[in-house]
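Summary of structural features
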2 protein chains.
Amino acid sequence: MSLTILPAQTLAIVRALLTALPDPDAGSIALARTREPQLTKPPGSLGRLEELAAWIAGWQGRHPAGMRNPRVHVFAGNHGVAALGVSAFPAEVTAQMVLNYDHGGAAINQICQAFGIQLGVTALELDRPTRPFTEGPAMEEEEVLAAFNAGLTLDLSGADCLCLGEMGIGNTTSAAALSLALFGGTAEDWTGPGTGVTGSALETKIGVVRDGVAKHAEEATDGLDLLRRLGGRELAAIAGAIVAARLSRVPVVLDGFIVCSAAACLKAITPNALDHCLLAHASREPGHRRLAQALEMAPLLDLGLALGEGSGAALAVPLLQAACQCHRGMATFAEAGVSDKE
Amino acid sequence: MSLTILPAQTLAIVRALLTALPDPDAGSIALARTREPQLTKPPGSLGRLEELAAWIAGWQGRHPAGMRNPRVHVFAGNHGVAALGVSAFPAEVTAQMVLNYDHGGAAINQICQAFGIQLGVTALELDRPTRPFTEGPAMEEEEVLAAFNAGLTLDLSGADCLCLGEMGIGNTTSAAALSLALFGGTAEDWTGPGTGVTGSALETKIGVVRDGVAKHAEEATDGLDLLRRLGGRELAAIAGAIVAARLSRVPVVLDGFIVCSAAACLKAITPNALDHCLLAHASREPGHRRLAQALEMAPLLDLGLALGEGSGAALAVPLLQAACQCHRGMATFAEAGVSDKE
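Note that the structure is a prediction, hence the values are computed from the model and not measured.

This part takes up the environment of Ala8 of chain A. Residues and elements named next belong to chain A. For Ala8, the position within the fold is in the segment before helix H1 (11-18). Taking the relative accessible area as the measure of exposure, Ala8 reaches 5% and is therefore buried. Put simply, Ala8 and Gly240 are 232 residues apart on the chain and 9.5 Å apart in space, counted from C-alpha to C-alpha. When near neighbours in sequence (up to four residues on either side) are disregarded, Ala8 contacts Ile13, Val14, Leu145, Asn149 and Leu152.

Printed below as a string of structure tokens:
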């Protein structure tokens, strides 16, 4: 099932959309739960793969669920705060990495090739970085809306899941600021090395996060407004893509700290907004683990990744494929002539 | 590089083999460590995948390492202790599940199909269960040697890795007994639900483990002798296959509690015997986590599995493939024209 999505005209329409998100298909979940205990294995012995098979069926709205056409989409944006010395890499790396994706040279290209995943990349006005959020809102309403729409209008036809990734020098600073504004604590709690800042550069980054949140938190009206003030174009597009996937019955695989901070803005508005999303991994970035707890999401993988570009989400795809294949393909006790539990 | 393996004639030859195991190839590891920091990503950002790429190169003895031909091999055996009421399933399920593997109906068939892994299964004299180890040694020397040789002579030509799995009703009882004998503690520490025993059946199982270890621990001479006394044919074959893989330069992926307990018997003789093995996952079986700690191995996955048949090992294969593909296929900073860290 796929719905036609009209691009949102204002953030008010986005807010309205978020109050009317579809639920999972109870019938598909029930079919999965009926089939699972008949399969030739001790009850529960496939652990999280069993939950995944039912969860995917519910959100795809079909049983048995399928995972032949996984997708990764990477959104890239540039951040004004990058000029404040918050990253270990210069801002031009965002555009250079987009070229690297186009030429097939990045980690996400290799992972997608290894697993047969279709990769898409959208670069969002890289020559127009957002305003440094220490000076004012990162984006005007029309800017955040345009970026959100880039995700909301993503073509998801035929997709069995959507793995979301990002590239944007400076964007762990946005993720830390959003997390602090949404969940409280201190700037130190949420601010980490990102691509590798340490020492005085890390102190600078912490200060930028603290100052930015202090400037905006009181005036901000909700999660989407925080996304406008402290986020970036790629974060807004990711939020839009999460909504698009929900409307298109495509389960979402969330990646690291930045993707989760964008997702958190939606959940701040509608508590069930991320029910069709699972968390692929716990990254090395300390804020990500804290954010996963705040979102009450249990990561599938814990591999010490800190790369972004959807790499952790893509690495979880084979687990989803295995879950679907086991659920669909295994023989039942009756079919195989295997004695059930005594 | 591949050595011709002469079937071991006595356990003494196996012991001698274990004192002369080859080391990893330092040159291949050095090449991996030189290439890794040149790739277009922040240093260390692929986490455990970076370690894996170097580790696989070392044990395959080539750089870049490859992972196009992963293998799973499942060994099946029957256990005399199954008659003592230690399992939730009847002993005939071992043979029934081997038929299920042959017909493609088990979980491991689905995972191998999903990931393109070649699956092999060896059933070891299923009509001759081992002696209950509460009565005497599970196997005579010629029996354990024949089973060990079934693994030692496994054809590994062309294999890029070997995932080891097992099937054998009653074999978590063997695994618990071996772990208790090797690492100490109490029978309760190591004995868990296996396929799902609880209550008085679990008490029975704990008693069998305690009595078996009390009967043999003092007389046992080393890890291989413990494997003979408390193990089973599939455990001995797994130990043999681990040695075969080392001699054939094939990295090994260990699965759950039973596979690890067989592996632990080798490490008890030669501390570096498992250096070419990695631990795929931490299972739901409580003894497995404890055993992983005793073996000083960090699992790649933690999915609440408790199935055996190599399922957890096979689920880790895509991570190895991604590690190899990223290391081999990614562009360097120079090739991609991406600015390196400032």
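For the pair chain A and chain B, the relating rotation is 180°, the translation along its axis is 0.0 Å, and the fit reaches an RMSD of 0.0 Å. Both chain copies can therefore be described as sitting about a two-fold axis. Of all interface residues in chain A, 100% are interface residues in chain B too; the two copies therefore contact each other through one and the same surface.

Let us look at the packing of helix H3 (residues 48-60) of chain B against helix H14 (residues 311-329) of chain B. All names here are of chain B. The interhelical angle for the contact between H3 and H14, taken along N-to-C directions, is 85°, at an axis separation of 8 Å. Taken as axis vectors, H3 and H14 run roughly perpendicular relative to one another. Between H3 and H14, the residues in contact are Leu49, Leu52, Ala53 and Ile56 and Leu319, Leu320, Ala322, Ala323, Cys324 and His327, respectively. In the contact of H3 with H14, the residues fall into 9 nonpolar, 1 polar and no charged.

In terms of nonpolar packing, the biggest core is built from 106 residues, with Leu315 of chain A together with Leu315 of chain B touching the most fellow members. Setting aside residues no more than four positions away along its own chain, Leu315 of chain B makes contact with Leu49, Leu319 and Ala322 of chain A together with Ile111, Phe115, Leu301, Leu303 and Leu305 of chain B.

Turning to the packing of helix H2 (residues 26-35) of chain A against helix H3 (residues 48-60) of chain A, a few remarks are in order. All names here are of chain A. For the pair H2 and H3, interaxial distance at closest approach is 7 Å and the crossing angle is 155°. As summarised for this structure, H2 and H3 are arranged roughly antiparallel, according to the angle between their axes. Every pair of crossing elements has a handedness; the one defined by H2 and H3 is right-handed. The segment H2 lies against H3, with Ser28, Ile29, Ala32 and Arg33 engaging Ala54, Ala57 and Gly58. When its residues are assigned to classes, the contact of H2 with H3 shows 4 nonpolar, 2 polar and 1 charged.

Another aspect to go through is helix H4 (residues 93-102) of chain B. Of all the 10 residues making up H4 of chain B, 7 are buried; the element is thus mostly covered by neighbouring parts of the structure. Buried residues of H4 of chain B: Val93, Thr94, Gln96, Met97, Val98, Asn100 and Tyr101 of chain B, and no others. Looking at the buried positions of H4 of chain B, the neighbouring elements they touch are helix H15 (333-336) of chain A together with strand E1 (70-76), helix H5 (107-115), strand E2 (118-123) and strand E3 (161-167) of chain B. One or two residues past the end of H4 of chain B sits Gly104 of chain B, with phi positive at roughly 80°.

Across the boundary between the two partners, chain A contributes 54 residues, which contact 54 residues of chain B. Here chain A and chain B share an interface that buries about 4400 Å² over both sides, 64% of which is from carbon and sulfur atoms. It is Phe89, Gln110 and Leu303 of chain A that lose the most area in chain A upon contact with chain B, and together they represent 12% of the buried surface on that side. Taken together, the links from chain A to chain B amount to 0 salt bridges. For the pair chain A and chain B, the number of links is 18 residue pairs in polar contact (both at pLDDT 80 or more). Of the residues in the side of chain A that touches chain B, the class split is 30 nonpolar, 17 polar and 7 charged.

All names here are of chain B. Along the chain, the position of Thr173 falls in helix H7 (residues 171-183). Residue class for Thr173 comes out buried when judged on its relative accessible area of 0%. A sequence separation of 141 residues divides Thr173 from Ala314, and the C-alpha atoms of the two residues are 23 Å apart. If we ignore the near neighbours within four places in the chain, the residues touching Thr173 are Val81, Val86, Phe133, Lys205, Val208 and Val209.

So, about the sheet that holds strand E3 (residues 161-167) of chain A. Residues and elements named next belong to chain A. Spatial ordering of the open sheet is given by E2-E1-E3-E4-E5, a layout of 5 strands whose pairing is parallel. Each edge of the open sheet carries a strand with a single partner, namely strand E2 (118-123) and strand E5 (277-279). Shown here is a sheet whose adjacent strand axes are inclined to one another by a mean of 25°, direction ignored. Looking at chain direction, strand E1 (residues 70-76) and E2 are connected through 6 bridges and run parallel. Across the sheet, Val74 pairs through a bridge with Val121, a residue of E2. Against the sheet, helix H4 (residues 93-102) touches E1, E2 and E3, its axis set at about 140° to E3.

A complete count under the given rule lists 0 disulfides over all chains for this structure. The structure places no disulfide on Cys163 of chain A, whose sulfur is separated from the nearest cysteine sulfur, that of Cys161 of chain A, by 4.3 Å.

With that settled, consider the sheet that holds E1 of chain B. Residue and element names in this part refer to chain B. An order of E2-E1-E3-E4-E5 is seen for the 5 strands of this open sheet, with the pairing classed as parallel. A strand with exactly one partner marks an edge of an open sheet, and here the two such strands are E2 and strand E5 (277-279). On average, each strand axis in the sheet is inclined to that of its neighbour by 25°, with strand direction left out of account. Sheet analysis places strand E4 (residues 252-254) next to E5, joined by 3 bridges and oriented parallel. Bridge pairing in E5 links Val253 to Leu278. Seen against the sheet, helix H11 (residues 233-247) touches E1, E3, E4 and E5 and runs at an angle of roughly 175° to E3.

Scoring rules and cut-offs
- Position numbers for residues count from 1 along each chain, tracking the sequence in the order it is written.
- Labels are handed out in written order, letters beginning with A for the chains and numbers beginning with 1 for the ligands.
- Local features in this predicted model are restricted to residues of pLDDT 70 or higher, and side-chain atom pairs are both shown and tallied only at a pLDDT of 80 or more, whereas totals for entire chains, interfaces and linings draw on every residue.
- Only hydrogens and water are set aside when side-chain values are computed; all heavy atoms of the structure are taken into account.
- For the purposes of this entry, the term helix denotes a DSSP run of H or I that reaches at least four residues, the term strand denotes a run of E that reaches at least two, and both are numbered from the N terminus.
- Burial classes follow relative accessibility: with a 1.4 Å probe on protein chains only, a residue under 20% of its type's maximum area counts as buried, one over 50% as exposed, and anything between as partly exposed.
- It only takes one pair of heavy atoms within 4.5 Å for two residues to be counted as in contact.
- Least-squares superposition of the copies uses the C-alpha atoms of those residues scoring a pLDDT of at least 70 in each of them.
- Axis definition: a line fitted to C-alpha atoms, over the contacting stretch in the case of helices. Angles run 0 to 180 degrees between N-to-C directions.
- Angle categories are assigned with fixed cut-offs, so that under 35 degrees is roughly parallel, over 145 is roughly antiparallel, 65 to 115 is roughly perpendicular, and the rest are oblique.
- All residues other than Ala, Val, Leu, Ile, Met, Phe, Trp, Tyr, Cys, Pro, Asp, Glu, Lys and Arg, Gly among them, are scored as polar; the first ten of these are nonpolar and the last four charged.
- Among buried residues, the Ala, Val, Leu, Ile, Met, Phe, Trp, Tyr and Cys ones that are joined through side-chain atoms within 4.5 Å form a nonpolar core.
- Two helices that cross are described as forming a left-handed crossing if the nearer one is turned anticlockwise from the farther one by less than a right angle, and a right-handed crossing if clockwise.
- Two parts lose some accessible area (1.4 Å probe) when they are put together, and adding that loss for both gives the buried area.
- The term salt bridge refers to a side-chain nitrogen of Lys or Arg lying within 4 Å of a carboxyl oxygen of Asp or Glu.
- Under this definition, polar contacts are N or O atom pairs within 3.5 Å; protein pairs additionally need one hydrogen-donor-capable and one acceptor-capable atom, and for neighbouring residues in sequence, both atoms have to be side-chain atoms.
- Any two strands between which DSSP finds at least two bridges are classified as paired.
- Criterion for a disulfide: a pair of cysteine sulfur atoms within 2.5 Å.

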